[in-house]
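# Structure at a glance
These are the residues of each chain, in order.
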Amino acid sequence: MSDDPEDRMLGWDESVFRDEHVFEIDWLPETFKHRDTQMETLKYALRPAVRGSRPLNVIARGPPGTGKTTAVQILFDELTAQTEVKTVRVNCQMDSTRYAVFSRLFAEIFDYEPPSSGISFKKLFSQITDKLVEEDEVLVVALDDVNYLFYESEASDTLYSLLRAHEAHSGAKIGVICVSSDLELDVIDALDTRVQSVFRPEEVYFNTYGQAEIADILGERVERGFNEGVVGPTVLDRVAELTEEQGGDLRVGIDLLRRAGMNAERRASRSVETEDVEAAYDKSKYVHLSRRLRELSDSETALVEVIAAHDGQQAGDIYDAFSEQTDLGYTRYSEIINKLDQLDIIDADYTNVEGRGRSRELTLNYDADAVLERL
Ligand SMILES: Nc1ncnc2c1ncn2[C@@H]1O[C@H](COP(=O)(O)OP(=O)(O)OP(=O)(O)O)[C@@H](O)[C@H]1O
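Residues numbered from 1 in each chain as written. Predicted model: local features only at pLDDT ≥ 70, side-chain atom pairs only at ≥ 80, totals over all residues. Heavy atoms only, no water.

### Considering the overall build of the chain
Note the following rule: Helix and strand definitions here come from DSSP, where helices need a minimum of 4 consecutive H or I residues and strands a minimum of 2 consecutive E residues; each element is numbered from the N-terminal end. Categorising residues by exposure relies on relative accessible area from a 1.4 Å probe, with only protein chains included: less than 20% of the type maximum marks a residue as buried, more than 50% marks it as exposed, and the intermediate range marks it as partly exposed. Any two residues whose heavy atoms approach within 4.5 Å are treated as being in contact. Shrake-Rupley sampling with a 1.4 Å probe provides the accessible areas, and residues are treated as covered by the protein chains on show and by no other component. His is not counted here, nor are the chain ends, while Lys and Arg score as positive and Asp and Glu score as negative. All charge positions are set by atom: Lys at NZ, Arg at CZ, Asp at CG, Glu at CD.
The helix and strand inventory of the chain stands at 17 helices and seven strands. For the chain, the spread of C-alpha atoms along the principal axes amounts to about 75 × 65 × 40 Å. Relative to its 375 residues, the chain shows a buried fraction of 48%. In the chain, the proportion of contacts linking residues at least 24 apart, taken out of those at least 6 apart, comes to 71%. Surface exposure of the chain reaches about 18800 Å², of which carbon and sulfur atoms provide 43%. If you average the places of the 41 positive and of the 74 negative side-chain charges in the chain, the two averages end up 5 Å apart.

This is the structure:
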């Protein structure tokens, strides 16, 4: 083996990382900086629950990766540890219908799944509310990524049932926190009027972090995640800068740090340099895309694949290619297009086509290879 340190490999027991877990997506930060105002409003809204009353409802909005889920998680952990309030966070990407949301509530409240043979929604609903009344419990439900309920046209029914629970079953006390990262979606406006008349939420906005805030927040991860002196201020600033360029989603920064650390180890270096960050950026900048693609159904994934192969073509022509693979009708096809458009995976803009009137042109918002690699 050569003596050149560049050619050396790090031993198994040598690492730039002190604790790699802090770069995992579900790691809950110990300090939650730059979110005091948002946390105060959330606490204000939830305080009645601690006194045994129905809390205020909340809409928490803001771009991806600005700490909305973390805020809810921290508050829910506190409520569970210190009070009698029951809390459930529903991930609406996974549970995107009213029935699925209530099945999740059932499972969390009873500690076992509802019968797999299926029971009517009415029964599911009344078992949950009966139990809350019986135990005199207040339930706070966070509908995380609530925008997915809108994409499936399930939002109004779901919220209506949750918000009217106290009337339908006298005394059931439920508060709702709607979390949305779709800034183009006006949650209240998009609900049926019957829901609007009972939904007057407090609004909490999670603004994008600035570069200095990003560096400050990521600094904590660096301290906990890397050994001392591995990541210097120049590297941290570059990570913060690139994260801001990608819309300020902290996930990009966290992923960049981890990948840069791995790149440094590959070079057998004990410190992370900006070149390791630059090399990681090509992968890290796609964290949004990976996350969105991961949650798609089989037919949605199939359509993304077809669009990748026919990027920029008209919706009608792409449907011809798509229908060779699936037996979905044009209506469902259009719904999937709308969803992919709302998720920013594609653009579906109307254009005038000679002799055919107005038609939608479907283009991927990302490099086709980057998309296909992640499906
Ligand atoms: N102020 C903060 N301090 C420390 N870590 C943070 C902070 N804000 C966000 N994070 C971290 O950034 C990542 C993304 O945060 P989170 O999931 O809460 O964002 P979000 O706004 O809910 O995103 P989305 O809308 O895409 O679901 C998480 O790993 C979280 O720990």
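Now, onward.
### Quick notes on the site of the ligand
We count it as follows: Residues are counted as near a molecule or strand when any one of their heavy atoms sits within 4 Å of it. Any pair of nitrogen or oxygen atoms within 3.5 Å is treated as a polar contact; in protein, a donor-acceptor pairing is required on top of that, and neighbouring residues in sequence qualify only through side-chain atoms on both sides. Here the limits of each domain have been adopted from an automatic or database domain assignment.
Taken together, 23 residues sit near the ligand, with K33, K68, T69, T70 and Y209 positioned nearest. T69 places a side-chain nitrogen or oxygen 2.7 Å from an oxygen atom of the ligand. Within the contact set of the ligand, an oxygen atom lies 3.0 Å away from a side-chain nitrogen or oxygen of R251. Coverage of the ligand by the protein amounts to 96% of the 630 Å² it exposes when considered alone. Within the residue set of the shell around the ligand, elements represented by two or more residues are α2 (68–82), α9 (211–225) and α11 (250–266). Domain assignment of the residues forming the shell around the ligand places at least three in each of domain 1 (36–205) and domain 2 (209–285).

### Comments concerning the domain arrangement of the chain
Threshold: A pairing counts as a salt bridge when a side-chain nitrogen of Lys or Arg comes within 4 Å of a carboxyl oxygen of Asp or Glu. For this scheme, ten residues count as nonpolar: Ala, Val, Leu, Ile, Met, Phe, Trp, Tyr, Cys and Pro. Four count as charged, namely Asp, Glu, Lys and Arg, and the remainder, Gly too, count as polar.
According to the domain assignment, the chain consists of domain 1 (36–205), domain 2 (209–285) and domain 3 (295–374). Look at where the C-alpha atoms of domain 1 and domain 3 centre, and you get two points 33 Å apart. Each side of the interface is counted separately: domain 1 has six residues, and domain 3 has six residues. Linking domain 1 with domain 3 are one salt bridge. Close ionic contact of K339 with E152 constitutes a salt bridge, the shortest N to O distance being 3.4 Å. At the boundary of domain 1 and domain 3, one finds one residue pair in polar contact (both at pLDDT 80 or more). The residue inventory of the side of domain 1 that touches domain 3, partitioned by class, reads three nonpolar, one polar and two charged.

### Looking at helix α15 (residues 315–323)
Our working definition: Directions are taken from the helix axis to each C-beta atom, and the arc is the one they span.
Among the residues of α15, A315, I318, Y319, A321 and F322 are the ones counted as buried. Axial view of α15: buried residues confined to an arc of 165°, hence all on one face. On its buried face, α15 sits against α14 (298–309), α16 (330–342) and β7 (357–364).

### Description of the side chain of S284
Relative to the helices and strands, S284 resides in helix α12 (residues 274–284). What S284 contacts, discounting residues up to four positions off in sequence, is V252, D255, L256 and R259.

### Considerations on the environment of F226
By the secondary structure assignment, F226 is in the loop between α9 and α10 (233–245). Measuring from C-alpha to C-alpha, the distance between F226 and L257 comes to 9.4 Å, with 31 residues separating the pair along the chain.

### A look at the pattern of salt bridges
This structure, assessed with the given rule, holds 25 salt bridges. Across the pair E220 and R224 runs a salt bridge whose closest N-O atoms are separated by 4.0 Å. With E220 and R224 both in helix α9 and four residues apart, the pair spans about one turn of that helix. Overall, the relative accessible area of 31% leaves R224 in the partly exposed class. Across the pair E373 and R374 runs a salt bridge whose closest N-O atoms are separated by 3.7 Å. Taking the relative accessible area as the measure of exposure, E373 reaches 61% and is therefore exposed.

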